[in-house]
Amino acid sequence: MIYDHRTYTCRPGTIAKHLKLYEDSGWHIQKKHLGDPVVYAATETGDVNSYIHIWVYDSASDRAQKRANLKADPEWQAYLKKSADAGYLISQVNKILMPTAFFQS
(Lines give C-alpha, C1' and ligand atoms only; values in the text may rest on other atoms or scores of the structure.)
Protein backbone atom coordinates (compact mmCIF):
# COMPACT_ATOMS: atom_id res chain seq x y z
CA MET A 1 0.00 0.00 0.00
CA ILE A 2 1.19 3.53 -0.76
CA TYR A 3 -0.17 6.98 0.03
CA ASP A 4 -0.02 9.85 -2.46
CA HIS A 5 0.13 13.04 -0.34
CA ARG A 6 -0.45 16.21 -2.37
CA THR A 7 -0.19 19.79 -1.16
CA TYR A 8 -1.45 22.63 -3.35
CA THR A 9 -0.99 26.32 -2.65
CA CYS A 10 -3.31 28.99 -4.07
CA ARG A 11 -2.74 32.67 -4.62
CA PRO A 12 -3.87 34.56 -1.49
CA GLY A 13 -7.60 35.15 -1.49
CA THR A 14 -8.41 32.50 -4.12
CA ILE A 15 -8.55 29.18 -2.24
CA ALA A 16 -12.35 29.26 -1.82
CA LYS A 17 -12.78 29.99 -5.54
CA HIS A 18 -10.39 27.22 -6.49
CA LEU A 19 -12.04 24.64 -4.23
CA LYS A 20 -15.46 25.60 -5.61
CA LEU A 21 -14.19 25.14 -9.17
CA TYR A 22 -12.81 21.73 -8.19
CA GLU A 23 -16.03 20.75 -6.40
CA ASP A 24 -18.12 21.68 -9.44
CA SER A 25 -15.87 20.41 -12.23
CA GLY A 26 -13.17 18.05 -10.92
CA TRP A 27 -14.25 16.16 -7.79
CA HIS A 28 -16.64 13.71 -9.43
CA ILE A 29 -14.26 12.75 -12.23
CA GLN A 30 -11.25 12.33 -9.95
CA LYS A 31 -13.26 10.12 -7.57
CA LYS A 32 -14.47 8.08 -10.55
CA HIS A 33 -10.89 7.13 -11.40
CA LEU A 34 -9.06 7.24 -8.05
CA GLY A 35 -11.77 6.30 -5.56
CA ASP A 36 -12.27 8.17 -2.31
CA PRO A 37 -9.29 9.99 -0.83
CA VAL A 38 -8.20 9.29 2.74
CA VAL A 39 -8.18 13.06 3.39
CA TYR A 40 -9.19 16.15 1.44
CA ALA A 41 -8.75 19.21 3.64
CA ALA A 42 -7.97 22.91 3.65
CA THR A 43 -5.25 24.14 5.99
CA GLU A 44 -6.70 25.89 9.05
CA THR A 45 -3.44 27.18 10.56
CA GLY A 46 -0.05 27.81 9.02
CA ASP A 47 -0.23 28.31 5.27
CA VAL A 48 -3.96 29.05 5.04
CA ASN A 49 -3.69 29.35 1.26
CA SER A 50 -3.05 25.62 0.92
CA TYR A 51 -4.95 22.37 0.98
CA ILE A 52 -3.98 18.72 0.93
CA HIS A 53 -5.39 15.47 -0.28
CA ILE A 54 -4.16 11.95 0.30
CA TRP A 55 -5.04 9.02 -1.95
CA VAL A 56 -4.31 5.38 -1.19
CA TYR A 57 -3.18 2.84 -3.79
CA ASP A 58 -2.37 -0.84 -3.67
CA SER A 59 1.01 -0.27 -5.31
CA ALA A 60 3.00 2.10 -7.52
CA SER A 61 1.62 0.33 -10.61
CA ASP A 62 -1.96 0.69 -9.30
CA ARG A 63 -1.32 4.42 -8.84
CA ALA A 64 0.23 4.75 -12.29
CA GLN A 65 -2.69 2.99 -13.99
CA LYS A 66 -5.38 4.96 -12.17
CA ARG A 67 -3.64 8.27 -12.80
CA ALA A 68 -3.15 7.38 -16.49
CA ASN A 69 -6.88 6.65 -16.78
CA LEU A 70 -7.67 9.97 -15.10
CA LYS A 71 -5.30 11.87 -17.39
CA ALA A 72 -6.89 10.28 -20.47
CA ASP A 73 -10.41 11.31 -19.47
CA PRO A 74 -11.67 14.29 -21.54
CA GLU A 75 -13.70 15.57 -18.57
CA TRP A 76 -10.52 15.73 -16.46
CA GLN A 77 -8.68 17.53 -19.24
CA ALA A 78 -11.53 20.07 -19.41
CA TYR A 79 -11.27 20.62 -15.66
CA LEU A 80 -7.49 21.09 -15.87
CA LYS A 81 -7.99 23.74 -18.56
CA LYS A 82 -10.56 25.58 -16.40
CA SER A 83 -8.18 25.44 -13.46
CA ALA A 84 -5.22 26.69 -15.50
CA ASP A 85 -7.32 29.49 -17.02
CA ALA A 86 -8.47 30.57 -13.54
CA GLY A 87 -4.85 30.83 -12.39
CA TYR A 88 -5.54 30.18 -8.72
CA LEU A 89 -2.77 27.62 -8.12
CA ILE A 90 0.81 28.67 -7.57
CA SER A 91 2.48 25.46 -6.39
CA GLN A 92 2.08 21.72 -5.97
CA VAL A 93 4.16 19.29 -3.90
CA ASN A 94 3.60 15.53 -4.19
CA LYS A 95 4.99 12.91 -1.81
CA ILE A 96 4.64 9.15 -1.97
CA LEU A 97 4.41 7.75 1.55
CA MET A 98 4.96 4.15 2.61
CA PRO A 99 3.32 2.95 5.85
CA THR A 100 5.68 1.75 8.56
CA ALA A 101 5.76 -1.94 9.45
CA PHE A 102 3.83 -1.41 12.70
CA PHE A 103 1.02 0.72 11.21
CA GLN A 104 -2.22 -1.13 10.53
CA SER A 105 -4.73 0.80 8.40
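That block above? That's the structure.
Since the structure is predicted, the reported quantities are computational estimates derived from the model, not experimental observations. (Residues numbered from 1 in each chain as written. Predicted model: local features only at pLDDT ≥ 70, side-chain atom pairs only at ≥ 80, totals over all residues. Heavy atoms only, no water.)

Asks: Got a minute to help me understand helix H4 (residues 74-86) in this structure?
Replies: Residue pairs three or four apart in sequence face the same way in an α-helix, which turns once every 3.6 residues. Relative to the 18 Å expected for 13 residues at 1.5 Å per residue, H4 spans 18 Å between its end C-alpha atoms, a close match to the ideal helical length. Every buried residue of H4 is listed here: Trp76, Tyr79 and Ser83. Looking down the long axis of H4, one finds its buried residues gathered within 60° of arc, a one-sided arrangement. For H4, exposure combined with an orientation more than 90 degrees from the buried face picks out Pro74, Lys81, Ala84 and Asp85. Of the surrounding elements, those touching the buried residues of H4 are helix H1 (15-25), helix H2 (27-34), helix H3 (60-72) and strand S4 (89-97). Capping the start of H4 is the job of one residue whose side-chain oxygen sits 2.8 Å from the backbone nitrogen of glutamate 75: aspartate 73. Downstream of H4 by one or two residues, glycine 87 has phi in the positive range, about 70°. (Helix = DSSP H or I, 4+ residues; strand = E, 2+ residues; numbered from the N terminus. Expected span 1.5 Å × (residues − 1). Buried < 20%, exposed > 50% of the residue type's maximum accessible area, 1.4 Å probe, protein only. Arc of directions from axis to C-beta. Contact = heavy atoms within 4.5 Å. Polar contact = N/O pair within 3.5 Å; in protein donor to acceptor, adjacent residues only side chain to side chain.)

Asks: I tried to follow the side chain of glutamine 30 on my own but got confused; where do I start?
Replies: With respect to the secondary-structure elements, glutamine 30 resides in helix H2. Filtering out sequence-adjacent residues up to four positions away, glutamine 30 remains in contact with Tyr22, Gly35, His53, Trp55, Arg67, Leu70 and Trp76.

Asks: Even after reading the chapter, I still don't get the sheet that holds strand S3 (residues 50-57), so can you show me in this structure?
Replies: Across a sheet, paired strands are connected by hydrogen bonds in the backbone, their directions being either parallel or antiparallel. With antiparallel pairing, four strands are arranged side by side in an open sheet as S2-S3-S1-S4. Bordering the open sheet on either side are strand S2 (39-42) and S4, each of which pairs with just one other strand. Each adjacent strand pair in this sheet contributes to an overall mean axis angle of 10°, direction not counted. Both strand S1 (residues 2-10) and S4 contribute to a ladder of eight bridges, which runs antiparallel. Its bridge partner being in S4, threonine 7 is matched across the sheet by valine 93. Along the sheet face, H1 touches S1, S2, S3 and S4 and points at about 35° away from the line of S3. The sheet contacts of H3 involve S1, S3 and S4, and relative to S1 the element is tilted by about 45°. (Pairing = 2+ DSSP bridges. Axes fitted to C-alpha atoms, helices over the stretch in contact; angles between N-to-C directions.)

Asks: What should I look at first to understand the nonpolar core in this one?
Replies: If you look at soluble globular proteins, the nonpolar side chains tend to sit buried side by side. Within the largest apolar cluster, 10 residues are counted, these being Ile2, Leu21, Tyr22, Ile29, Leu34, Trp55, Tyr57, Leu70, Trp76 and Tyr79. Excluding anything up to four places from it in sequence, tyrosine 22 contacts Trp27, Gln30, Tyr40, Trp55, Trp76 and Tyr79. (Core = buried A, V, L, I, M, F, W, Y, C linked by side-chain atoms within 4.5 Å.)

Asks: Where do I start with the environment of tryptophan 76 in this structure?
Replies: With respect to the helices and strands, the residue tryptophan 76 is situated in helix H4. C-alpha of tryptophan 76 to C-alpha of histidine 28: the two residues are 48 residues apart in sequence and 9.5 Å apart in space. Setting aside anything within four residues of it in sequence, one finds tryptophan 76 in contact with Tyr22, Gly26, Ile29, Gln30, Leu70 and Lys71.

Asks: Can you help me understand the packing of H1 against H4 in this one?
Replies: The angle between the axes and the distance between the axes are what describe a pair of packed helices. Two elements in contact, H1 and H4, have axes whose closest approach is 10 Å; the angle formed by their N-to-C orientations is 165°. Considering the angle they form, H1 stands roughly antiparallel to H4. Along this stretch, H1 crosses H4, giving a crossing that reads as right-handed. Residues His18, Leu21, Tyr22 and Ser25 of H1 touch H4, and the partners they reach there are Trp76, Tyr79, Lys82, Ser83 and Ala86. (Parallel < 35°, antiparallel > 145°, perpendicular 65-115°, else oblique. Left-handed = near helix turned anticlockwise from the far one by under 90°.)

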